[in-house]
Amino acid sequence: MNGKRVLVTGGAGFIGSNLANHLAAENDVVAVDDLHLGTPENLNDDVEFVDASVLDDDLPTDGVDVLFHLAAYSSYTMAEENKREATRVNVEGFVNAVEQAREDGCDTVVYATTSSIYGSRTDPSPEDMPVEARTCYEASKLAREQYGEYFHHHYDMTLAGLRFFSVYQGYGGAEEHKGEYANTVAQFAHQIANGERPELFGDGSQTRDFTHVDDIVRGIELAGEHELQGIYNLGTGESYDFNTMVEMINEELGTDIDPTYVENPLDVYVHDTKADASKMRDATGWEPQISFEEGVGRVCAPYTE
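Going by what an unreviewed UniProt entry lists, the protein chain is known as UDP-glucose 4-epimerase and is assigned to Halopelagius inordinatus.

Student: Now, about the overall build of the protein chain: what can you tell me, with residues and values included?
Tutor: A count of helical and extended segments in the protein chain gives 9 helices and 13 strands. The C-alpha radius of gyration computed for the protein chain amounts to 19 Å, which stays within 12% of the reference 19 Å derived for 305 residues, consistent with globular compactness. Along the first, second and third principal axes, the C-alpha atoms of the protein chain reach 55 × 40 × 40 Å. Counting all 305 residues of the protein chain, 55% fall into the buried class. If you take every contact in the protein chain between residues at least 6 apart in sequence, the share linking residues at least 24 apart comes to 78%.

Student: Can you tell me about the environment of Arg163, naming the residues and giving the values?
Tutor: In this structure, Arg163 sits in strand β6 (residues 158-164). Each C-alpha atom of the pair Arg163 and Thr122 lies 17 Å from the other, and the pair is 41 residues apart in sequence. Once residues within four sequence positions are removed from consideration, Arg163 is found in contact with Thr113, Thr114, Ser115, Ile117, Tyr118, Glu127, Val131, Glu145, Ile231, Tyr232, Asn233 and Leu234. Within the structure, Arg163 has its side chain in polar contact with the side chain of Tyr118 (distance 2.8 Å).

Student: Give a description of the environment of Asp57 that names residues and reports values.
Tutor: Of note, Asp57 is situated in the loop between β3 (48-51) and β4 (66-69). Once the C-alpha coordinates of Asp57 and Asn2 are considered, the two residues, 55 residues apart in sequence, prove to be 28 Å apart.

Student: Describe in detail the pairing of strand β2 (residues 28-33), supporting the description with residues and values.
Tutor: For β2, the tally of buried residues reaches 5 of 6 residues, placing the bulk of the element in the interior. Across 5 bridges, the pairing between strand β1 (residues 5-9) and β2 is parallel. In the strand pairing of β2, Leu7 is matched with Val30. A crossover links β1 with its parallel partner β2, the connecting element being helix α1 (residues 14-23), and its sense is right-handed. As paired elements, β2 and β3 share 4 bridges and run parallel to each other. Across the sheet, the residue bridging to Val32 is Val50, located in β3.

Student: Residues and numbers for the packing of aromatic side chains, please.
Tutor: According to the stated counting rule, one finds 13 aromatic pairs in the structure shown. On the basis of an interplanar angle of 85 degrees and a centroid distance of 6.4 Å, the ring pair of Tyr147 and Tyr150 is categorised as edge-to-face. Placement of both Tyr147 and Tyr150 in helix α4 (residues 136-155) is noted, with a separation of 3 residues, approximately one turn of the helix. Since its relative accessible area comes to 35%, Tyr147 is described here as partly exposed. Where Phe201 meets Tyr269, the ring centres are 5.7 Å apart and the plane angle is 65 degrees; that geometry is what we call edge-to-face. You can see Phe201 sitting in strand β8 (residues 199-201) and its partner Tyr269 sitting in the loop between β13 (260-262) and α8 (278-284), a full 68 residues away along the chain. Three or more aromatic residues link up through ring pairs in this structure, and these residues are Tyr168, Phe188, Phe210, Tyr240, Phe242 and Phe292. The lysine or arginine in question, Arg102, covers the ring of Tyr155, its NZ or CZ lying 3.8 Å from the ring centre. Above the ring of Tyr232, the side-chain terminus of Lys279 is found at 4.5 Å from the ring centroid.

Student: Outline the sheet that holds β6, supporting the account with residue identities and numerical values.
Tutor: The 7 strands lie next to each other as β3-β2-β1-β4-β5-β6-β11, forming an open sheet whose pairing is parallel. With one partner strand each, in any of the chains shown, β3 and β11 (230-234) form the two edges of the open sheet. Ignoring which end each strand starts from, the neighbouring axes of this sheet average 20 degrees apart. Strand contacts of helix α6 (residues 213-225): β4, β5 (108-112), β6 and β11, with the helix running at about 165 degrees to β6, the strand carrying the most contacts.

Conventions used here
Residues numbered from 1 in each chain as written. Predicted model: local features only at pLDDT ≥ 70, side-chain atom pairs only at ≥ 80, totals over all residues. Heavy atoms only, no water. Helix = DSSP H or I, 4+ residues; strand = E, 2+ residues; numbered from the N terminus. Rg over C-alpha atoms; globule rule 2.2 N^0.38 Å. Buried < 20%, exposed > 50% of the residue type's maximum accessible area, 1.4 Å probe, protein only. Contact = heavy atoms within 4.5 Å. Polar contact = N/O pair within 3.5 Å; in protein donor to acceptor, adjacent residues only side chain to side chain. Pairing = 2+ DSSP bridges. Right-handed = clockwise from strand over helix to strand, strands pointing away. Phe/Tyr/Trp six-rings, centres within 6.5 Å; stacked < 30°, edge-to-face > 60°. Lys NZ or Arg CZ within 6 Å of the ring centre and 35° of its normal. Axes fitted to C-alpha atoms, helices over the stretch in contact; angles between N-to-C directions.

Put into structure tokens, the structure is as follows:
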């Protein structure tokens, strides 16, 4: 994508800032963020930053060619502890941003939904399988998908909803500001590098399709370039259990720190995830380029350099 004016909501957050910085090399990029989990320090100088909420009435949508909507309460715990505000931001904020962009002539939207609605699966999850909302977070993201259909059918807009699978980068990137809400790869690497034992729920056999943020950013950009409509997975199609992840981190850091195993405190917990990203591949040619081995090396590199 080049020569476009784009708006990234949640643009100072983890994924949003990576996207904004990447697109700013060839485009005019505005990043909107209320700094709930983001920080302007994540952004390069060539990104225009606007301190605002997606619930505001005067978002900078004038002249925008593509809206990348990533702003959200972005985890089960975060949303469950703040149901009303999370629902407002995740649902009303989505409708508000899309409607303002539409009124200003933008008809291409790419937005974040979630892969957690697939539940626990060790087989790859395709987009057309049955899904369900078991948490406030999942319900709010499914509502986004429904409103996406509304805007498409009622206004002939194209809206690509991307179901991300366990996105990570590490504290050497833009995840540090998320703290306890950062991906477990980032948290565990930081703890082990500082001589702390990471806590694993249960026996550590749970698996995730860990997908590096650079691959996610490429997928988001391609969805905008191709003006995709509908729902698409972004994940590697490979999964690793937490015990293996800790072993890989130890190997990279040259450490030998065992995890602590604790009882899972969460009422609802997705034990296993794995993406079927063939729909995205067929539509855009997207393929993940960063293996988990390489990704763990990147996460650990700042601690060993």
